[in-house]
Structure formats: structure tokens, C-alpha cells
Amino acid sequence: MGREPQILACSGRPRWPEGSPPPELAGAQVRQAMRLSGAARPRVCMVPTAMGDWPQVIEGWYAGGPSLGAAELSHLQLYPQPNVPDPRAHLMAQDVIFVWGGSVVNLLALWRAHRLDEIMHECWQAGVVLAGGSAGSLCWHRFGVTDSFSDALDPLANGLGFLPFSNGVHDDAADQPRRTMFRELIAAGTLPDGYATEDGTGLHYVGTSLHEALSIVPGQRAWRVRRADGGGYTETALPTRHWLPPR
């Protein structure tokens, strides 16, 4: 394909106090990844492993197709077995692979059993845009914070490691101390330096370098978090560009 390796690692959609998000946000992070691919009619495969391949997720993916405009949609499920004859060939033929949120621990275990870890790396090197939200962000990094084991938060140290950083998602979540936990683990040296995203923001990497932070909602932020000399941590708000691709 001749494209540079790219990853768009996002937190989830922002929580709205009442009702549904504005219509223009429907599929916005998927549309961002589509635009990064540069394809006029991108082939986009959704991978719902982290949600156990729930039929509702798959049905919702195709139901939301009109919000994505000119795109050729497909999905890859692994339960009870892959739904395509050759997962590698199918994924390598895509312009974008978008990974749904859910349990990153279960995702990693199942992907490794099916060799999707190796296949995803091959896709990335070939220029397929890898993207996703929540677990679909954590998985590309080496380290992070997850609630996959229980309602508590635990460090994640066995991500795919395409990106050699820690990743914190849902950094502004009101119902879990994710922001605090991510920074405490970096301060303690349990996790290396990394990046955190508030809901609605994403990190666009080219190769293994952060190119920029993007937001589908004005005011939402991303952070660079480092362990400070002598203990503690430092955090820097990243310039975050509000970018809402047209439908």
C-alpha cells in the first residue's frame, strides 16, 4: 500500500447528560481513521473481540453504516470460529481496522490464540490504519490500566507493544479513579511514561511517534504523563486539535 504505519488510539465517546450525542458525532472516530487512510472508499473492518462478539455490537456496526458515508464495511468475529475463511487475507485487504472496546485482557488472550497479534502487526507495517476505542486503544500499547479483571483497576503489562508507551483511557471518567491510578502507577515506576486521553479524544501515531492529539468534542484533552525525578509525576496537556470529519 505504500503508506506509513498509523494508529488512532481513542477513548470512548463523551458521556452526555441527557439523550444521545449530537448526530454529527455518530461514527466520528471511525471517520477520523477513514480519513487517515487516504482511501476514497475505504474498506473498514470492525473487530468486536473485546465485547465477546456480541451480536448487538455487530448489528449496530452495520446499522450505523450511513453515518460513515462512502465505506465498505465488514467485521471479523472469532466466536465460535472466525466468520471469514482467511482472517489474515481479510485484514490485509482493509484500509482501516477498528477495534471495539470491552475487555482488553480477553481480547489479547484470544488474539494470541488465533495469531491475530502477528497478523495485526503485519497489517500495521503494511499501512493499514489500526484504530479503536478504550480496549481498542489499550491493546496497541505495551502498558496501561484496565478493569478487565474486576471492578477495580489493575496495571496491564502485556499489551501488543506496537507502541512502547503506557496508555490511559477514560481519563475524565467520574465513576472510576482512572486518572489517579494511571498517574500513581507511573509515579511508582510500575508503568513507564505514557499518554492519557479523555473521552472523545484520540492519539494519532505515525510509526511509533505521536503525531498529534485529536478531539471530536471541543475542550476535551490528552495528556503526556512522565515519572518525575525523585518520585511523583509530571503531566503536560497536549495541544489537541478539534477535528470532526464531514459525513
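Residues numbered from 1 in each chain as written. Predicted model: local features only at pLDDT ≥ 70, side-chain atom pairs only at ≥ 80, totals over all residues. Heavy atoms only, no water.

Participant: So what's going on with unusual backbone geometry? Residues and values would help.
Facilitator: Omega for the bond connecting Tyr79 with Pro80 falls within 30 degrees of zero, at -10 degrees, which places this linkage in the cis form. Considering the arrangement of structural elements, one finds Pro80 in the loop between strand 3 (72-75) and helix 3 (87-92). Here the phi dihedral of Arg115 falls at roughly 65 degrees; this positive angle occurs in a residue that is not glycine. Of note, Arg115 is situated in the loop between helix 4 (104-113) and helix 5 (116-126). The partly exposed category is assigned to Arg115, whose relative accessible area is 46%. Positive phi is not limited to glycine here, since His170 has a value of about 50 degrees. Tracing the sequence through the fold places His170 in the loop between strand 8 (163-168) and helix 7 (178-187). (Helix = DSSP H or I, 4+ residues; strand = E, 2+ residues; numbered from the N terminus. Buried < 20%, exposed > 50% of the residue type's maximum accessible area, 1.4 Å probe, protein only.)

Participant: Can you explain the environment of Leu153? Please cite residues and give values.
Facilitator: If you trace the backbone, Leu153 turns up in the loop between strand 6 (141-146) and strand 7 (154-156). Put simply, Leu153 and Phe182 are 29 residues apart on the chain and 9.4 Å apart in space, counted from C-alpha to C-alpha. Setting aside anything within four residues of it in sequence, one finds Leu153 in contact with Val145, Thr146, Asp147, Gln176, Pro177, Arg178 and Met181. (Contact = heavy atoms within 4.5 Å.)

Participant: Before we move on, can you summarise helix 4 with the specific residues and values?
Facilitator: Residues lying three or four places apart along an α-helix face the same way, a consequence of the helix completing one turn every 3.6 residues. Along helix 4, the residues classified as buried are Val104, Leu107, Leu108, Leu110 and Trp111. Of the surrounding secondary structure, the elements contacted by the buried residues of helix 4 are strand 2 (43-47), strand 4 (96-99), helix 5, helix 6 (135-138), strand 6 and strand 7. Phi turns positive, to about 65 degrees, at Arg115, one or two residues after helix 4.

Participant: A description of the nonpolar core should follow, citing residues and the corresponding values.
Facilitator: With 39 residues, the main nonpolar core has Ile7, Leu91, Ile97, Trp111, Met120, Leu130 and Trp140 as its most contacted residues. Contact partners of Leu91, with chain neighbours within four places excluded, come to Cys45, Leu76, Ile97, Leu116, Ile119, Met120, Cys123 and Val128. Judged by nonpolar contacts, the second largest core, of 19 residues, contains Leu8, Met34, Val129 and Ala131. (Core = buried A, V, L, I, M, F, W, Y, C linked by side-chain atoms within 4.5 Å.)

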